[in-house]
Structure formats: C-alpha cells, structure tokens
Amino acid sequence: MPADGKPEGTRDKETEPVVRDAVGTPDAVGRPPRTTRRFPRVTRDTARPEGGGRAAPGDAPAPARQWPILVVLGVVGLGLLVTALDAFRLGTILIGVALLGGAAMRWILPDVGMLAVRSRFTDMVTYGVLGLAIVLLAMMAQPDPWLEIPFLDDTLHFTVRA
C-alpha cells in the first residue's frame, strides 16, 4: 500500500484531469481545458445529430415536437394496413414513399427531431436508397409488373436454366 493510504490502482478525483470535450482547445486565458489527449473513460453525453433538435418549440406537446417522424411512421403504418388488406403493391409503394418523404424532410427541414439518426447526408442517402429500392421492387413484383427492366429477364435466363 502506498504512503497516502489508498490501494494501488485507485485515483483521487481531485487529481484526475477534467475532460470536457474530445479536442483540447485553449480557453480565453490560453489554458487547455484538460491536460491529457486521451478520451474520457466514461462518456457522459453524446453529440446530437445535425438537425436533431425539436421540430417545434419546447413548450409544444410531444407529438407536435416530433411531427416529422410521426408523419413517416404514420404513412408506413398506412402502407402496412393496405398491404394486410390484400393490396400488396400499393401498400409497399406507400412504405417506400414514406421513406422517400423522410429523406426529403431530412434534406429540407433544419430540425426534424427523432427523424435525425446520423449526419444529414447519411440519413438522406439511407432513407432515399431504401425508399427507392422498395418502390422499384414493388413496381416489378409479379404478376403483371408495372415496371419491366429488359436486362433483368436476360440475366435470369443466363443464371437459371430449366
């Protein structure tokens, strides 16, 4: 046991450097906010995604503050209901359109609440690609597809032989 009476491996909270951010930029006096370049052992908070603020003022009720995600989830729910009522193609297209609408809202609106998951670019690409893929696949679904891509039929003939 060391001379200060504490077991080895323990640290005194007064001597441990205070870490406020990941990069130690000097304050107004010129002192860095911390003395080490290591990241903190315990993360106390996470950075909010760009555009992740409330979509309405803080005194508004919760649904009004999160209206963008509620719109997307509402259209997805409607698409699932239409799909369950035996209109597969229309319901699936509604789901894809909901994701495309989420991408558009993420691009246009400055604050979208819980619709913001990662950076603006990542959210737009993810929502857009998934929405477009769902819409295109719904339009190509059999029987009687609304969209026919000629090279896909040729590709199928080369890969699957009867």
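Scroll up for the structure.
Residues numbered from 1 in each chain as written. Predicted model: local features only at pLDDT ≥ 70, side-chain atom pairs only at ≥ 80, totals over all residues. Heavy atoms only, no water.

## What to know about the pattern of salt bridges
Rules: One side-chain nitrogen of Lys or Arg within 4 Å of one carboxyl oxygen of Asp or Glu is enough to make a salt bridge. Helix and strand definitions here come from DSSP, where helices need a minimum of 4 consecutive H or I residues and strands a minimum of 2 consecutive E residues; each element is numbered from the N-terminal end. Note on exposure labels: buried denotes an accessible area under 20% of the residue type's maximum, exposed denotes more than 50%, and partly exposed covers the range between, all computed with a 1.4 Å probe on protein chains only.
One pass over the structure, following the stated rule, counts 1 salt bridge. Between Arg106 and Asp123 there is a salt bridge; the shortest N-O distance is 2.8 Å. On the criterion of sequence distance, the pair formed by Arg106 in helix H3 (residues 88-108) and Asp123 in helix H4 (residues 120-139) is long-range, its members being 17 residues apart. Exposure class is identical for Arg106 and Asp123. Each is buried.

## Here we look at a nonpolar patch on the surface
The criterion, for reference: Note on patches: the residues involved have over 30% relative accessible area and no salt bridge, like charges join within 9 Å, and the nonpolar side chains Val, Leu, Ile, Met, Phe, Trp and Tyr join within 5 Å. Throughout, the Shrake-Rupley method with a 1.4 Å probe supplies accessible areas, and for residues the shown protein chains are the sole cover considered.
A cluster of nonpolar side chains, contributed by Leu78, Leu81 and Leu85, occupies part of the molecular surface with about 310 Å² of accessible area. Tracing the chain through its elements places Leu78 in helix H2 (residues 67-84). Note on Leu78: relative accessible area 44%, which makes it partly exposed.

## Quick notes on the packing of H3 against H4
Defined as follows: Each axis is a line fitted through C-alpha atoms, and for a helix only the stretch in contact is used; angles between axes span 0 to 180 degrees, taken between their N-to-C directions. Oblique is the label for any angle not under 35 degrees, not over 145, and not in the 65 to 115 range, which are roughly parallel, roughly antiparallel and roughly perpendicular in turn. Put simply, a crossing is left-handed when the front helix is turned counterclockwise from the back one by less than a right angle, and right-handed when it is turned clockwise. Only heavy atoms matter for contacts: two residues are in contact if any of them lie within 4.5 Å across the pair. Residue type decides the class: Asp, Glu, Lys and Arg count as charged, Ala, Val, Leu, Ile, Met, Phe, Trp, Tyr, Cys and Pro as nonpolar, and the leftover types, Gly among them, as polar.
The N-to-C vectors of H3 and H4 enclose an angle of 160°; their axes lie 8 Å apart at closest approach. Classified by the angle their axes make, H3 and H4 are roughly antiparallel. Judged by the sense of rotation from one axis to the other, the crossing of H3 with H4 is left-handed. Seen from H3, the contacting residues are Arg89, Thr92, Ile93, Ile95, Gly96, Val97, Leu99, Leu100, Gly102, Ala103, Arg106 and Trp107; seen from H4, they are Arg120, Asp123, Met124, Tyr127, Gly128, Leu130, Gly131, Leu132, Ile134, Val135, Ala138 and Met139. A class-by-class count of the residues in the contact of H3 with H4 yields 15 nonpolar, 5 polar and 4 charged.

## A look at the environment of Leu99
Tracing the backbone shows Leu99 in helix H3. Owing to a relative accessible area of 17%, Leu99 belongs among the buried residues under this scheme. Distance in space between the C-alpha atoms of Leu99 and Gly131 is 4.8 Å, their sequence separation being 32 residues. Not counting residues up to four positions away in its chain, the partners in contact with Leu99 are Tyr127, Leu130, Gly131 and Ile134.

Note that all results are geometric; they support no functional claim without further evidence.
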